[in-house]
Amino acid sequence: MAASTFFIPPVNKIGMGCMTESVELIRNYGYRQALIVTDRVLNEIGVVGKVQALLADAGIKSAIYDGTNPNPTTINVEDGLKILRQHNCDCVISLGGGSPHDCAKGIALVATNGGDIRDYEGVDRSAKPQLPLIAINTTAGTASEMTRFCIITDVERHIKMAIVDKHVTPILSINDSVLMAGMPKGLTAATGMDALTHAIEAYVSTAANPITDACALKAVTMISRNLRRAVEEGHDVEARENMAYAQFLAGMAFNNASLGYVHAMAHQLGGFYDLPHGVCNAVLLPHVQRFNTQVAAARLKDIAVAMGVDVANLSDGQGADACIQAISELARDVNIPAGLSSLKVKEEDLPTLATNALKDACGFTNPIQASHEEIVAIFKAAM
Ligand SMILES: NC(=O)c1ccc[n+]([C@@H]2O[C@H](COP(=O)([O-])OP(=O)(O)OC[C@H]3O[C@@H](n4cnc5c(N)ncnc54)[C@H](O)[C@@H]3O)[C@@H](O)[C@H]2O)c1
Ligand SMILES: [Fe+2]
């Protein structure tokens, strides 16, 4: 087994109501002027105002950038940077789901390294740590609040750039399930299936190791047991808290074992058609794992077990089939659309999407490398 490196923020608060007590931790860093990076919805529903008031009580002034798009763009990063510079901010606080976290990482990285966020596409391209980033999470989830991944849409090329850089890791992540209780059903389902995808792609990744395996399998079990409940009964505090832990575990897995073709392909759909990330993943997940079965059947059978499937007397191949079926059932139960055609994906775009998917850094650790024709075929199967 190749040596592994394990990345995680130095401090992570998780649990119902932990936002209030986290303010003390934030105060102790001694920052004076924060840039809060968020989106319009969270500002309008008053979440931003509450956090701003908590910060003010701790003696921290804050400016707000609430223009983050659901798939954050190169323009969002530039706009946020302007506000950061106007207010001379000494730290950045992201508040929201994966989009505000990724946008904040882009802003904080360029704030100290200079240039343009496009300069940092790829792995570890920056020279210096970003401005300190505190990430307050409201979805469950991308786990972006604790990863070294930053996904920004380049508005000129219509692709989602993967910036994988140890320097974008937040210094503090906060997962308070109270902030997640208001998520509507569709968002709960999409972000939960994103977390399931993280765990499964990390488990079958060529960079998996015993630590990431443990995190991935536990995440799969918790998501299988709690996602339906979190979707149906959004105010079930136990299901919400379990999903907050599960998505964090999935983040620990993929932050270190990386991902695979589901993300490499979903990024193209998100960049091209501006579709929700979790929905794209959920639709592609069973089809990519069917392709992976040729080399990863035994691993997929382990995932079936983690999902509560009885695999006694099943071969590895049959266990993998059972895993794919369990994934599809979960997706159907939480009302994920059945195929890409219903998301307005066009067959004539598939060759271009496949070309770009093969360049995405997330695909490099897929258990088997695919040809262009094979990626197109997986897209077609998912239509
Ligand atoms: N960096 C990483 O490690 C990583 C991993 C996976 C995905 N991502 C990225 O994350 C982005 C998707 O993030 P996301 O799925 O968390 O959604 P999001 O951040 O795009 O938010 C989607 C919508 O949900 C709303 N919302 C967020 N929290 C809410 C709450 N608690 N109550 C009500 N509404 C709420 C937002 O205002 C927004 O309108 C994509 O751009 C994807 O590429 C990043
Ligand atoms: Fe994801």
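Residues numbered from 1 in each chain as written. Chains lettered and ligands numbered in written order. Predicted model: local features only at pLDDT ≥ 70, side-chain atom pairs only at ≥ 80, totals over all residues. Heavy atoms only, no water.

**Q** Give a description of the overall build of the protein that names residues and reports values.
**A** Each helix and strand in the protein was counted, giving 13 helices and nine strands. In terms of overall size, the protein behaves like a compact globule, its C-alpha atoms giving a radius of gyration of 20 Å where 383 residues would be expected to give roughly 21 Å. Seen along its three principal axes, the alpha-carbon backbone of the protein occupies a region of about 60 × 45 × 45 Å. Looking at the protein as a whole, 62% of its 383 residues are labelled buried. Summarising the internal contacts of the protein: among those between residues at least 6 apart in sequence, 78% fall at separations of at least 24. Entry remark: accessible area of the protein is about 14,600 Å², with carbon and sulfur atoms responsible for 54%. (Helix = DSSP H or I, 4+ residues; strand = E, 2+ residues; numbered from the N terminus. Rg over C-alpha atoms; globule rule 2.2 N^0.38 Å. Buried < 20%, exposed > 50% of the residue type's maximum accessible area, 1.4 Å probe, protein only. Contact = heavy atoms within 4.5 Å. Areas by Shrake-Rupley, 256 points an atom, 1.4 Å probe, with all protein chains shown as cover.)

**Q** Requested: an account of the nonpolar core, with residues and values cited.
**A** By size, the foremost hydrophobic cluster in this structure holds 85 residues, and its most contacted members are Met-193, Met-265, Leu-269, Leu-284, Ile-303, Leu-340 and Phe-379. For this core, the elements supplying multiple residues, two or more each, are α6 (185–204), α7 (210–232), α8 (237–257), α9 (261–273), α10 (277–306), α11 (316–333), α12 (350–357) and α13 (372–381). In terms of residues, this core owes the most to one element, α10, which gives 14 residues. Two domains each donate at least three residues to this core, and these are domain 1 (11–179) and domain 2 (185–382). Once you skip the residues sitting within four places of it in the chain, Leu-340 turns out to touch Leu-269, Val-283, Leu-284, Val-345, Phe-379, Ala-382 and Met-383. Within the second largest apolar cluster, 25 residues are counted, among which are Val-92, Tyr-120, Met-161 and Ile-163. (Core = buried A, V, L, I, M, F, W, Y, C linked by side-chain atoms within 4.5 Å. Domains from an automatic or database assignment.)

**Q** Give a detailed account of the side chain of Ser-94, specifying residues and quantitative values.
**A** With respect to the secondary-structure elements, Ser-94 resides in strand β4 (residues 91–96). A distance of 2.7 Å separates the side chain of Ser-94 from the side chain of His-101, its partner in a polar contact. The contact partners of Ser-94, leaving out residues within four places of it in the chain, are Val-37, Pro-100, His-101, Ala-104, Leu-133, Ile-134, Ala-135 and Ile-136. (Polar contact = N/O pair within 3.5 Å; in protein donor to acceptor, adjacent residues only side chain to side chain.)

**Q** Describe the sheet that holds strand β3 (residues 61–65), listing the residues and the values that go with them.
**A** Think of a sheet as strands paired side by side through backbone hydrogen bonds, with each pair either parallel or antiparallel. Strand order in the open sheet formed by six strands is β1-β9-β6-β4-β2-β3, and the pairing between neighbours is parallel. The open sheet has two free edges, formed respectively by β1 (11–14) and β3, since each of these has just one partner strand. Between one strand axis and the next, the sheet turns through 15° on average, direction left out of account. Two strands pair when backbone bridges link them, and strand β6 (residues 133–137) and strand β9 (residues 172–175) are joined in this way by four bridges, in the parallel orientation. Bridging across to β9, Asn-137 finds its partner in Asn-175. (Pairing = 2+ DSSP bridges. Axes fitted to C-alpha atoms, helices over the stretch in contact; angles between N-to-C directions.)

**Q** Can you break down the pairing of strand β8 (residues 159–164) residue by residue, with the values?
**A** Of all six residues in β8, six are buried, a share of seventy percent or more. The alternating pattern of β8 places Ile-159, Met-161 and Ile-163 and Lys-160, Ala-162 and Val-164 on opposite faces, both of which are buried. Of the strand pairs in this sheet, strand β5 (residues 122–123) and β8 are connected by two bridges, and their pairing is parallel. Within β8, the position partnered with Gly-122 by the bridge is Ile-163. Where strand β7 (residues 149–154) lies against β8, six bridges are found, and the strand directions are antiparallel.

**Q** I'd like to hear about the sheet that holds β7, residue by residue, with values.
**A** One open sheet holds the three strands; their spatial order is β5-β8-β7, and the pairing between them is mixed. What marks the edges here is a single partner per strand, and that holds for β5 and β7. Against the sheet, helix α5 (residues 98–113) contacts β7 and β8, and its axis sits at roughly 90° relative to β7.

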